[in-house]
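# Observations on chain architecture
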Protein chains: 2
Amino acid sequence: MPGPRTLHLNAFLYGVGHHSAAWRHPDSAAERIGDITYFEELARTAERGCLDAVFFADGHSVNPKYTAGTTWFLEPLTALSAMARATERIGLVTTVSASFFTPFHAARMLASLDHISGGRVGANIVTSMFDEEARNHGFDALPPHTERYARAEEFIEVLCALWDSWDDGGVLVDRTGGRFLDSDAIRPIRHRGKHFRVDGPLTVPRCPQGRPVLFQAGASETGRNLAARHAEAVYSVAWDITAALEYATDLRARIAAAGRDPGTVAILPGLVTYVGRSEEEAWAKKTELDALLDVDAAITQLGVFTGQDYTGHDLDAPVDDLPPIEEFTGPQGRYATVQRIIETRRPTLRGLLGYLAAGGGHATMIGTPESVADSIEEWFAAGACDGFNLMCPAYPDSLDDFVDLVVPELQRRGLFRTEYPGSTLRDSLGLKTV
Amino acid sequence: MPGPRTLHLNAFLYGVGHHSAAWRHPDSAAERIGDITYFEELARTAERGCLDAVFFADGHSVNPKYTAGTTWFLEPLTALSAMARATERIGLVTTVSASFFTPFHAARMLASLDHISGGRVGANIVTSMFDEEARNHGFDALPPHTERYARAEEFIEVLCALWDSWDDGGVLVDRTGGRFLDSDAIRPIRHRGKHFRVDGPLTVPRCPQGRPVLFQAGASETGRNLAARHAEAVYSVAWDITAALEYATDLRARIAAAGRDPGTVAILPGLVTYVGRSEEEAWAKKTELDALLDVDAAITQLGVFTGQDYTGHDLDAPVDDLPPIEEFTGPQGRYATVQRIIETRRPTLRGLLGYLAAGGGHATMIGTPESVADSIEEWFAAGACDGFNLMCPAYPDSLDDFVDLVVPELQRRGLFRTEYPGSTLRDSLGLKTV
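Since we're looking at a predicted model, the values are computed, not measured.

The next subject is the pairing of strand E4 (residues 121–126) of chain B. A regular strand places its side chains on the two faces of the sheet in alternate fashion. Residue and element names in this part refer to chain B. Of all six residues in E4, five are buried; the element is thus mostly enclosed. As defined by bridge partners, strand E3 (residues 91–97) adjoins E4 across six bridges and the pair is classed as parallel. Bridging across to E4, Thr95 finds its partner in Asn124. Assessed by its sense of winding, the connection that carries the chain from E3 through helix H3 (residues 103–116) to E4 is right-handed. Direction of pairing for E4 relative to strand E9 (residues 213–216): parallel, over a ladder of four bridges. The residue bridging Ile125 from the neighbouring strand is Gln216, located in E9.

Dropping the structure here:
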C-alpha cells in the first residue's frame, strides 16, 4: 500500500438496527423510526466518534407483512437535509436508484444537499432489486440486470456532467455591471444517450465538493466493473478476511484496468459488531437479541437456504457441518455463507439464526473493545479493506458501544482519527475535491 | 361568508426578492441565496409574524443570461426539510411539477417532509411552463397544455391515494405478538391510469396531516377547474380588488359546482408591499429599487407588451394612457395589466417599469402600516380574497417591514392571529385533518 493509510468508518443506519429482531427489544426505539430526532441523535453519536459518514440504504416499496423494522419511513434525501443541520462534520451518504430517478432530479437534490451540508454528501448509486419497487414507478417489472446497469452507468455520467456544468465562480453578483451569473462559467451538457436526454445546465451552482462522493455496492461482475470505473467508495460484503481480500484484490485490479488509482477508492465491507466490556457481556448482547427472533420463520428460511430440515433441532445445540456444496442444487451464495459461518464459528442453532438475522453474510465481530480492534486492525493491515460500513445490530445502543468503546481503542493505536481532517466528506475520505 | 373568517398570509420566498433588481441593492443578500441559513432566517421571521406558511415556487432550468437573482439554487424539498428543523409552527409549501416527478417520488418526499416538520407541509401542484425544463427531464418539449393538466389531475389523484394507503395506527410495534406493522391498515392502491401505473402502498406511514395541503395556481380555464376540484388553497393574480373579486366569484362558483364547500378553499392573490413609517418612506423604498433597474432592457420589454416605443421618454415623466386594447394585436393579458397600472396609479415611466419588475400584474400596496392594513382589510372584507401570498420586493428587508409594521396593525384590528391555533398547516388554514 502506498503512503500512510487511514481507516474509514461509516454508520449504516437502518431502522432500529440490522438485527431483524432488534425492534422487539423492550428498549428499542421502534416507536421513533419515523421521528427525525432519532436519526439526528444517531448522526450526532457517529460524529462524536469522528466517523466518516452515516449511510442510508433505500427502497421504494413496503411489504405490510414484514415483521421487522426495516421499512423506509423517512425518505433519505429529506431526512439527511435535516440531519445535515444537526451536525457539522460527518458525511451524509444516501442511496439513489438509477432505475427510478431522472438524473436531473438526483443531481439537483444531491447538489442542493451538498450546499446545505457544506460539502458532506455521498451518493450510493444502485439499480434497485424488486419488481414491487418498479411497480410504484410506472414499470410492470424491473428491467433486466444488464439493462439496469447500462442505465446506471449512463446515469452516473449525466450526474457528473450536470455537476460539472457550473464552474466555480458561476455566481458573480456583479451589482455595478448588472451580471448576477457569469454566463461563461455555466454550460449546457446536451446529453443524448440511450437512456437519457438531458440538456442542462444544472440549476444548482457548483457544490462545495465539486461533485458529491460516488459510492457503489454492486457485487456482480457488472457491478464490480461499474464500481471500478466510477466509485470513490465501495460498500461490499465479506464474511471473513479471506473473502474480503479476494474481493479487494479483484476490485483493485479492475480499478487499475480502468485506468484509475486503486488507492483512491475506499473498500468498506459491512461489519456487524457486538461489543462488551468483557467477552461474556458482548456475547450476552448477541444472545439477548437472538432470543427475540421468530424462530419458526427463521428455521423455515434456513431450510430454504440449505435444503436441510432443522424443525425439532435443539436450539441450544451446535449445528453440524453442511454436506459439500456440490450436493446442493439451490443458490450457491447463501449456502456457502451458512457453511462458512458453521465452520468458522461453531454456533448453536439459535446462534446461527442470529448471525443470519443480523447482516446475513457480513463480517461479524463479537468481543471486547480490544479484541474487536484487533480484528479490525488485522483486516485493515492485510489490505482486505480500507475500513467498514458499520451495521449495528441494535440502534442506538450498538452504535454507542462502538463509538464509546471501540473508537477510543482504535485511536489509541493510531488507526483512527481523533478529529476531522477538514469540513467535507472528501476531506474525511482523503479524496480530492473534483 | 359563513362563520368568522380569518386572514391567511404566506411569505412567497424568491431569491432575494420579487423585484427583479433587488439583488443589485448594496444591502441585498445576493451572495447568500445558496445559503440555507438565509432561508432559515426568513422562515423564522415569517414565523415571528405568525404567518401561515413560507411558499417556494420552483423551476427545472436555468438561463445563464438571467441577470436577476431568480434562479433555483437550493432544491425546495431539501431546503424545506432544513427549514422545518429551524422553525416550529410555520407551514412549508413547495411547488411540485406534475410533469416531471413520478407521483410516488412526490408523495413519498412530501409525506416524509410532513413527518419531519410535524405536519406543516403544503404542495403547490403545477404543470411547468418551459420547454427548457422538459429538456432536462428527457422530453423534447413540454406536452401540450391540455395533456399536462390531464396528467396533473391524475397525479393529484395518485398522491391522495398513496397518502391514504396507510390508516392511522399502521405502525403497530406489537413486540410480544411480533407484528411491527398492522397489515390490515396498509393497502396497495393498484392505480392504472392514462399517465401512471402505481401499485402502492406508500413506504411512509400516514403523515401528521393525513394529507399535505394541496395548493394550486392555475389561472387558465383548465387550471381553475383543476383548482375547483382539488385545491385547498389557491395562489392567484389580481391587480386590483375588482379583478380579485371577479376571480374569487368565478372560482367559488366552480368549487360549488364541483360539489365542494367554497368556504374551505383559501384564495390568496400575490401581494407586493412597500411599507414605511410614512408614505414618503414607503415610496422611497420603491424608488430606490426602481433606480437599480436595467432601464434599456425594461423599456424594450415594455415595448413588446404594449406595442409602444418608450425609447427617449423622460423616465421621471408620467406615462400617457395606452390606446384602446382593441387596437392591440399582441397578447391581451399583459396589455390590459399595463393599461390598468397606468390608469389607476398614474406612474412615471420608471415607476411603471418598477411595478412590472416586482410582481408584474400582482396587487401592489405602498404606504404606512395603517394604509396597507386598510387596503388588506378592504380586499378581505369585500370577499375578494382570504388573504395574500406576500411577494416581498426585497428579502429580508420587505419581510421584516411587513412582519414588524403591518402584522401588528392587522392584529390590533382583530384581522390576524397573535399566536398559532395549532401545530399543523391545516390548523393554521382552518382545514380539517383528512
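There is more to say, and it comes next.
Residue and element names in this part refer to chain A. On domain assignment, one finds that chain A holds domain 1 (8–164 + 202–277 + 368–429) and domain 2 (279–359). Here the C-alpha centre of domain 2 lies 27 Å away from the C-alpha centre of domain 1. Taken together, the contact pairs 22 residues of domain 1 with 20 residues of domain 2. Together, the buried faces of domain 1 and domain 2 total about 1800 Å²; carbon and sulfur atoms form 61% of this surface. For the domain 1 face of the interface with domain 2, the top three residues by lost area are His19, Trp239 and Tyr274, together amounting to 39%.

Omega for the peptide link from Gly200 of chain A to Pro201 of chain A comes to -5°, which places this bond in the cis form. Relative to the elements of secondary structure, Pro201 of chain A occurs in the loop between strand E8 (197–198) and strand E9 (213–216). Of note, the bond from Tyr395 of chain B into Pro396 of chain B is cis; its omega dihedral lies within 30 degrees of zero at 0°. Residue position: Pro396 of chain B is located in the loop between strand E13 (387–390) and helix H13 (397–412). Positive phi, close to 60°, is recorded for Cys50 of chain B, a residue that is not glycine. Inspection of the secondary structure puts Cys50 of chain B in the loop between helix H1 (36–48) and strand E2 (53–56). Non-glycine residue Arg190 of chain B carries a positive phi angle of around 45°. Along the chain, Arg190 of chain B falls in the loop between strand E6 (179–181) and strand E7 (191–192).

Let us look at the interface of chain A and chain B. The partner chain B presents 74 residues to the 74 residues of chain A that form the contact. Here chain A packs against chain B, burying approximately 6100 Å² in sum over the two surfaces, 60% of which is carbon and sulfur. The interface formed by chain A and chain B holds eight salt bridges in total. Summed over the shared surface of chain A and chain B, the number is 36 residue pairs in polar contact (both at pLDDT 80 or more).

Turning our eyes to something else, we now look at helix H10 (residues 332–345) of chain A. Since the α-helix advances by 3.6 residues per turn, residues separated by three or four positions end up pointing in the same direction. Residue and element names in this part refer to chain A. With 14 residues, H10 should cover 20 Å at 1.5 Å per step; its first-to-last C-alpha distance of 20 Å lies within 8% of that length. Packing partners of the buried residues in H10 comprise helix H9 (295–306) and helix H11 (349–357). Note on H10: the residue one or two positions beyond its end, Arg346, has a positive phi of about 50°.

Grouped together as the largest cluster of nonpolar side chains are 282 residues, with contacts concentrated most on Leu51 of chain A together with Leu51 of chain B. With residues near it in sequence (within four places) discarded, Leu51 of chain A still touches Leu9, Asn10, Ala11, Ala46, Ile90, Leu390, Leu399, Val403, Val407, Phe416, Arg417 and Tyr420 of chain A.

As a further point, take the pattern of salt bridges. Residue and element names in this part refer to chain A. Per the counting criterion, the structure on display carries 60 salt bridges over all chains. For Asp400, the salt bridge is made with Arg48, and the minimal N-O distance between the two is 3.4 Å. Within this pair, whereas Asp400 is found in helix H13 (residues 397–412), its partner Arg48 is found in helix H1 (residues 36–48), the two being separated by 352 residues in sequence. Assessed through its relative accessible area of 47%, Arg48 is described here as partly exposed. Note that Arg197 and Asp199 form a salt bridge whose closest N and O atoms lie 3.3 Å from each other.

Analysis parameters
- Residues numbered from 1 in each chain as written.
- Chains lettered and ligands numbered in written order.
- Predicted model: local features only at pLDDT ≥ 70, side-chain atom pairs only at ≥ 80, totals over all residues.
- Heavy atoms only, no water.
- Buried < 20%, exposed > 50% of the residue type's maximum accessible area, 1.4 Å probe, protein only.
- Helix = DSSP H or I, 4+ residues; strand = E, 2+ residues; numbered from the N terminus.
- Pairing = 2+ DSSP bridges.
- Right-handed = clockwise from strand over helix to strand, strands pointing away.
- Domains from an automatic or database assignment.
- Contact = heavy atoms within 4.5 Å.
- Buried area = accessible area lost by both parts, 1.4 Å probe.
- Salt bridge = Lys/Arg side-chain N within 4 Å of Asp/Glu carboxyl O.
- Polar contact = N/O pair within 3.5 Å; in protein donor to acceptor, adjacent residues only side chain to side chain.
- Expected span 1.5 Å × (residues − 1).
- Core = buried A, V, L, I, M, F, W, Y, C linked by side-chain atoms within 4.5 Å.

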